[in-house]
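Residues per chain, in single letters:
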Amino acid sequence: MTTPHQQPQAQPPGGGPAAEAPSTAQAATQTAQPLSYTKPPQQAPAQPPAQPPAQPPTQPPGADHAAQYPPPGGAPAGAYGGGYSSPIPITRTHLGHAIASEWTKIRSVRSTMWTLSIMFVLVVGIGGLSAVGRAGEDNISMPMLSSGLFGLMLGQICIITLGVLVVTSEYGTGMIRTTLTACPQRGRVLLAKSLIFFLLAFVMTTVACTLTALIHHSVLSGPVDRLDYGYTSYEESVKAGEFVVQDGEWLGATVGAGLYVALLGLLSLAVGALLRHSAGAITTMMGVVLMPLVIALFMVGEAMETLREKMLEFSPLNGLASLYLIPMQDDQDASGWPLLGLLALVTAGALMAAYAMLTKRDV
Amino acid sequence: MIELEGLTKRYGEKVAVDHLTFSVRPGVVTGFLGPNGAGKSTTMRLLLGLDRPTAGDIRIDGRHYDQLRDPLNYIGALLEAKSVHGGRSAYNHLLCLAQSNGIPERRVPEVLDMVGLTAVAKKRPKGFSLGMGQRLGIAQALLGDPRIVMFDEPVNGLDPEGIHWVRTLMQQLAAEGRTVFVSSHLMSEMSLTAEHLVVIGQGKLMADTSMAAFIHENSRTYVRLRTPEPERLRNVLHTAGIPAVAVSDGSLEVENVAAARLGELAAEHRIVLHELSPQQASLEEAFMQLTAGSVEYHAHTTAEGPEARRGGQGWGQGWQEGR
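Note that this is a predicted model, so its numbers are computed, not measured.

### Remarks on the overall build of chain B
Summing up its helical and strand segments, chain B has 12 helices and 13 strands in all. Here chain B holds 323 residues, and the buried ones make up 51% of them. Sequence separation of at least 24 residues holds for 70% of the intrachain contacts in chain B that already meet a minimum separation of 6.

Structural data, given as structure tokens:
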């Protein structure tokens, strides 16, 4: 044993990679040798020559530390004369690093693949089936692309689940401790997670919705003999005897729907960060999405008519339905975009609350 | 260099860490010892900025953890076992951590090789044994080639070979000039690796001393004598004014007398000795006495007290006792 202050391998001041790399390489072989879960021992000695000396120092290794903490040996070291500086280039981390990290995280777990594939199957599958089903109808009961909503109503549950899991799976497994150790700027972690998840959810949902809309268009567009469609508001769906897509219908049924569902997912992520519990957060989000509608359905009687109307109007499902031009409220011309804006505001609020709690709470 | 100053953490009524003040210096392995529930893991969480201290301060080279811009290059930590997502492969787990700190990707296979997990790099840690999980944690700690390494119970779940490897690794890291801070509840384990010792019990500092000093102060040294003529030997010792204790297995134990003197004495009287060996009584015992008043979770199943157990130098025995 050495005495506490002794530095058995004191390094020369300003020791560069060339000076230090060999010791690292040596360490690597020495440590690699005694245990082999796996590797035949004769492989180990072959490794070191190919290792660290070839490192391209993009920036002087340890420059950051060296400036602040003079290396030991020679002049008396400062108060923190810790003797080691690494040959690995040191980087000042920023949001970009956190984003790269979160992208690796989200693509490397199965839940992402599963939730997104199921979402795709539900949206495109159910949407395609309803398009085919409507092809034989005598009556034009709804705008052309609107039956894409049916699949998306189920598909959004997958996005909500994924949004929750992005955060809560880290709490469930203890990964969050590792994550926040690697990146102690908690706000940065939350922001990176939100950005990556939102973009992924938006792109995937929009692609699924666009595919569904295209199926609808190819199956349903064409001449209509009859003009006795059910609702007056769908007059615009028929032009010159042809079943057509209304103004703004494309945008609402693709990008609008994608944005709306991705925002719901982001809200779920925030709720997940607040509750830190998968089942709790998913249940909460199901409640937020479904309860207003379900409660409104059971509100009978004159007295509650206004409340019922409001609950229907501000139900998250109504926002989505309105983007497909089939709103659930009495005002049949309501567009879904104001509700989308409202959802964005609510989501921003929830994210801010999540940020406040994340920075305040112990992990 | 890690410095704690009056560090206190309260969870509701319960005080987990109580005015801890000590520092961890570079270049040596510092053992952080305490019985289960003494506050070791809490202290480490406070250091990593995972929990916020109720009072006091904890600094790494003068800075708080969240002020570090490149935390993994600075300090590598093995946290409580399995702070990983069980569904993400070992490789991807390390990759996402490397990316978050701008560490080049080639470092990932390097550390996997270092801990011997190359063959299971693409496997999900869900199926890892406790020992493999520890190795992954150690790989994670070494990923940024940090100046400070901090291991929370690193030998938990490792096989004897793995334990030997961890000991060598820690000493090597310290020899390279790094600060090595390792927690354990096993005195016997620490006595083999640590040069400096910080002992806590119920969140309070019990000792902050070098290992050698701790051993010197706390362990009982004695000489064991074994002879075919124990009665004669006892008489001889008695005449010389040396008290000897007969142990149940037929040997004699003598305290505070050098082995050489006892050997000479036996030779003088032509007594055949089958054994003449200086012994050091268990550090585990000293540790238990030190923390006796502060053990939080007492087991009431063993009839014998700590005094009855002795000689736990092998890690295995110590491990059993520490449980």
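### Some points on the pairing of strand β8 (residues 196-201) of chain B
Strand residues, when the strand is regular, have side chains that alternate between the two faces of the sheet. Residue and element names in this part refer to chain B. In terms of burial, β8 is a largely internal element, six of the six residues being buried. The two faces of β8 match: H196, V198 and I200 on one face and L197, V199 and G201 on the other face are all buried. Bridge analysis of β8 against strand β9 (residues 204-210) gives six bridges, and the strand direction is antiparallel. The residue bridging H196 from the neighbouring strand is S210, located in β9. A loop of two residues connects β8 with β9, the two strands running antiparallel in sequence, and Q202 in this loop sits at a positive phi of about 45°.

### What about the sheet that holds strand β11 (residues 244-246) of chain B?
Residue and element names in this part refer to chain B. If you trace the four strands from one edge of the open sheet to the other, you get β11-β12-β10-β13, paired in antiparallel fashion. Lying at the two open borders of the sheet, with one neighbouring strand each, are β11 and β13 (275-280). With direction set aside, neighbouring strand axes in the sheet form an average angle of 25°. In this sheet, strand β12 (residues 252-255) lies alongside β11 in antiparallel orientation, the contact comprising three bridges. Counted as the bridge partner of A244 is V254 from β12. The sheet strands contacting helix α9 (residues 230-239) are β10 (221-226), β11 and β12, and the helix crosses β12 at an angle near 20°. Contacts from helix α10 (residues 259-268) reach β10, β12 and β13, with the element oriented near 160° to β13.

### Topic: the packing of helix α8 (residues 249-275) of chain A against helix α9 (residues 278-297) of chain A
Residues and elements named next belong to chain A. At their nearest, the axes of α8 and α9 sit 9 Å apart, and the two run at 135° to each other. Between α8 and α9, the interaxial angle falls into the category oblique. Crossing of α8 against α9: the hand is right-handed. Contacts between α8 and α9 involve S268, V271, G272 and L275 from the first element and G280, A281, T284 and M285 from the second. Partitioning the contact of α8 with α9 into residue classes produces four nonpolar, four polar and no charged.

### Quick word on the domain arrangement of chain B
The domain boundaries assigned to chain B delineate domain 1 (2-216) and domain 2 (221-280). In this structure, domain 1 of chain B and domain 2 of chain B have C-alpha centres spaced 45 Å apart.

### Comments concerning the sheet that holds strand β2 (residues 238-239) of chain A
Residue and element names in this part refer to chain A. With antiparallel pairing, three strands are arranged side by side in an open sheet as β1-β3-β2. Where the open sheet ends on each side, the last strands, each with one partner, are β1 (222-223) and β2. Pairing of β1 with strand β3 (residues 242-243) involves two bridges; the strand directions are antiparallel. The residue of β3 that forms the bridge with P223 is E242.

### Quick notes on the confidence of the model for chain A
On average, chain A scores 79 in pLDDT, and the residues at 70 or more come to 74%. In the predicted structure, residues 1-82 of chain A sits below a pLDDT of 50 and forms 129 contacts with residues beyond four places in sequence or in another chain.

### With respect to the UniProt feature "transmembrane region" (unreviewed entry) in chain A
The sites that carry the UniProt feature "transmembrane region" (unreviewed entry) are, in the present numbering, residues 113-132, 144-167, 195-215, 250-275, 282-301 and 337-358 of chain A. Across residues 195-215 of chain A one finds 100% helix and 0% strand; the C-alpha atoms that close the span lie 30 Å apart.

### What about the nonpolar core?
With 152 residues, the main nonpolar core has Y260 of chain A together with L94 and A139 of chain B as its most contacted residues. Looking at which element gives the most residues to this core, the answer is α8 of chain A, with 16 residues. Other than its neighbours up to four places away in sequence, A139 of chain B contacts L94, V111, L112, M114, V115 and L117 of chain B. Among the nonpolar cores identified, the runner-up in size contains 10 residues, and V223, L237, A244 and V254 of chain B belong to it.

### Brief notes about helix α4 (residues 110-135) of chain A
All names here are of chain A. Look at α4: 37 Å from first C-alpha to last across 26 residues, which is about the 38 Å you get at 1.5 Å a residue. Buried residues of α4: T115, M119, L122, V123, V124, I126, G127, S130 and A131, and no others. Where the residues of α4 are buried, they touch α5 (148-173) and α7 (186-220).

Cut-offs used in this document
Residues numbered from 1 in each chain as written. Chains lettered and ligands numbered in written order. Predicted model: local features only at pLDDT ≥ 70, side-chain atom pairs only at ≥ 80, totals over all residues. Helix = DSSP H or I, 4+ residues; strand = E, 2+ residues; numbered from the N terminus. Buried ≥ 20, exposed ≤ 12 C-beta atoms within 10 Å, placed from the backbone. Contact = placed C-beta atoms within 7 Å. Pairing = 2+ DSSP bridges. Axes fitted to C-alpha atoms, helices over the stretch in contact; angles between N-to-C directions. Parallel < 35°, antiparallel > 145°, perpendicular 65-115°, else oblique. Left-handed = near helix turned anticlockwise from the far one by under 90°. Nonpolar A, V, L, I, M, F, W, Y, C, P; charged D, E, K, R; others polar. Domains from an automatic or database assignment. pLDDT = per-residue confidence, 0-100. UniProt positions renumbered as here; feature names shortened; annotations may be inferred. Core = buried A, V, L, I, M, F, W, Y, C linked by C-beta atoms within 7 Å. Expected span 1.5 Å × (residues − 1).

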